[in-house]
Amino acid sequence: MEKTIENQIKYYFENNKIISKEDLMIAIRNDFSNWSDNTINAYLYLLKKRGVINNLSRGIYTLGKVETFNPQISEQLKKIAYRINKAYPFINYCVWDSSWLNDLMRHQPFKHFVIIEVEKIAVEQVFNDLNNNFSKVYINPDDIFFDRYISALEDVIIVKNLFSEAPTLKRNELTIPTLEKILVDMLIDKELFAAQQGELDFIFKSAFDKYDINEAKMKRYAARRNRETELEKMINISLAK
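**Observations concerning the pattern of salt bridges**
Per the stated rule, a full pass over the model turns up 12 salt bridges. Across the pair Asp37 and Arg29 runs a salt bridge, and its minimum N-O distance is 2.7 Å. In this structure, the salt-bridge partner of Lys181 is Glu117, at a minimum N-O distance of 2.6 Å. Here Lys181, found in helix H7 (residues 179-188), pairs with Glu117, found in strand E5 (residues 113-118); they are 64 residues apart in sequence, far enough to count as distant.

Okay, here's the thing in structure tokens:
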């Protein structure tokens, strides 16, 4: 078989899932010694555009991942999103379920929580509306309240403030958080994600192995929540394993 960059690229990542651009270019030159830097850069651009490789952050590459984060949307989430869309069509919000993290964990938590995040100006109105139509709805519980009154309950709905510029996406007529946002939130909201705290490094590694994670997007959101250093440390620990 003729040696081409398309059939050689996977071998460069056999021993390391993540490679710096410098090391990747050295590996390519070993196979294609007559290529100039401009030629290599042109091929890297084409491979990235076609999804063969992925640029995690500046100068860092990994093989492209075909699987995208596509969590199951429950009927309850659909109903909640429908109410919000109908009553407050112009507000920013997202809905999700803590059980979406289960497939990234070794041990499955017994409980899960539905989380509704709404921009601050409308959080009280959305809470009142949901509280009149669903049971066990709580608004911005602090750590002590959560630990004493919520953590032991089943089928809880938590309404929280949505941080500005939080990364979200549209899915089936409703808005959900990106996986990048969920991972950062998990580092910060330790009571809400108590079941995940013992597996943080495993969850991060599983997420990076399984899905296409936009590290730059995740870091921007972490900066909004003043957790850049903590996130950087977790990424380095997780990807080193």
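Having seen it, we continue.
**Remarks on the packing of H7 against helix H9 (residues 215-224)**
The N-to-C vectors of H7 and H9 enclose an angle of 45°; their axes lie 9 Å apart at closest approach. The angle between H7 and H9 falls in the class oblique. Here H7 runs over H9; the crossing is right-handed. Along the contact surface, H7 presents Glu180, Lys181, Leu183, Val184 and Asp185, while H9 presents Lys217, Met218, Tyr221 and Ala222. Class assignment of the residues belonging to the contact of H7 with H9 gives a composition of five nonpolar, no polar and four charged.

**Description of helix H3 (residues 37-49)**
Counting along an α-helix, one turn takes 3.6 residues, and residues three or four places apart therefore face a common direction. Given a rise of 1.5 Å per residue, 13 residues ought to cover 18 Å, and the 18 Å separating the end C-alpha atoms of H3 matches this to within 8%. Each element contacted by the buried residues of H3 is listed here: helix H1 (5-8), helix H2 (21-31), strand E2 (53-57) and strand E3 (60-63). Following H3 by one or two positions, Gly51 has its phi on the positive side, about 85°.

**Some points on the environment of Ala216**
Relative to the elements of secondary structure, Ala216 occurs in helix H9. The partly exposed category is assigned to Ala216, whose relative accessible area is 32%. Between the alpha carbons of Ala216 and Gln196 there is a distance of 23 Å; along the sequence they are 20 residues apart.

**Some details on the sheet that holds E2**
Hydrogen bonding along the main chain pairs the strands of a sheet, whether they run parallel or antiparallel. Read from one edge to the other, the open sheet built from three strands follows the order E1-E3-E2, with strand pairing classed as antiparallel. Two strands in the sheet have a free side with no partner beyond their single neighbour: strand E1 (18-20) and E2. Across the sheet, the axes of successive neighbouring strands diverge by a mean angle of 35°, strand direction being ignored. Bridge count between E2 and E3: four bridges; the pairing is antiparallel.

**Focus on the sheet that holds E5**
The four strands are arranged E4-E5-E7-E6 in an open sheet whose pairing can be described as mixed. Whereas interior strands pair on both sides, the edge strands pair on one side only; in this sheet they are strand E4 (93-97) and strand E6 (137-139). Direction aside, neighbouring strands of the sheet carry axes that sit 20° apart on average. Bridging between E6 and strand E7 (residues 156-161) involves three bridges; their strand directions are parallel. Residue pairing across strands places Tyr138 opposite Ile158, the latter belonging to E7. Here helix H6 (residues 143-150) sits on the sheet in contact with E5, E6 and E7, set at roughly 165° to E6.

**A look at the pairing of E5**
The side chains of a regular strand alternate, first on one face of the sheet and then on the other. Of all the six residues making up E5, six are buried; the element is thus mostly covered by neighbouring parts of the structure. In E5, alternate side chains face the same way, and those of Phe113, Ile115 and Glu117 on one face and Val114, Ile116 and Val118 on the other are all buried. Bridge count for E4 against E5 is five bridges, and the pairing is antiparallel. Counterpart to Trp96 in the pairing with E5 is Ile115. Where E5 lies against E7, six bridges are found, and the strand directions are parallel. Its bridge partner being in E7, Glu117 is matched across the sheet by Lys160.

**Quick word on unusual backbone geometry**
The backbone phi angle of Glu165 is positive, close to 65°, even though this residue is not glycine. Tracing the sequence through the fold places Glu165 in the loop between E7 and strand E8 (168-171).

**Quick word on the side chain of Asn54**
Assignment of secondary structure puts Asn54 in strand E2. Residue Asn54 is classed as buried on the basis of its relative accessible area of 15%. Contact partners of Asn54, with chain neighbours within four places excluded, come to Ile60, Tyr61, Thr62, Leu63, Gly64, Asp212 and Ile213.

**A few points about the nonpolar core**
Note that soluble globular proteins tend to have their nonpolar side chains buried in a common cluster. Core analysis: the largest hydrophobic core is formed by 59 residues, its most contacted members being Ile80, Val95, Ile116, Leu183, Phe204 and Met218. The dominant element in this core, judged by the number of residues it contributes, is H7, at seven residues. Once residues within four sequence positions are removed from consideration, Ile116 is found in contact with Ile80, Ile84, Cys94, Val95, Leu130, Ile157, Ile158, Val159 and Lys160. Counting residues in each nonpolar core, the second largest holds 16 residues, with Ile9, Phe13, Ala27 and Ile53 among its members.

Procedures and definitions
- Residues numbered from 1 in each chain as written.
- Predicted model: local features only at pLDDT ≥ 70, side-chain atom pairs only at ≥ 80, totals over all residues.
- Heavy atoms only, no water.
- Salt bridge = Lys/Arg side-chain N within 4 Å of Asp/Glu carboxyl O.
- Helix = DSSP H or I, 4+ residues; strand = E, 2+ residues; numbered from the N terminus.
- Axes fitted to C-alpha atoms, helices over the stretch in contact; angles between N-to-C directions.
- Parallel < 35°, antiparallel > 145°, perpendicular 65-115°, else oblique.
- Left-handed = near helix turned anticlockwise from the far one by under 90°.
- Contact = heavy atoms within 4.5 Å.
- Nonpolar A, V, L, I, M, F, W, Y, C, P; charged D, E, K, R; others polar.
- Expected span 1.5 Å × (residues − 1).
- Buried < 20%, exposed > 50% of the residue type's maximum accessible area, 1.4 Å probe, protein only.
- Pairing = 2+ DSSP bridges.
- Core = buried A, V, L, I, M, F, W, Y, C linked by side-chain atoms within 4.5 Å.

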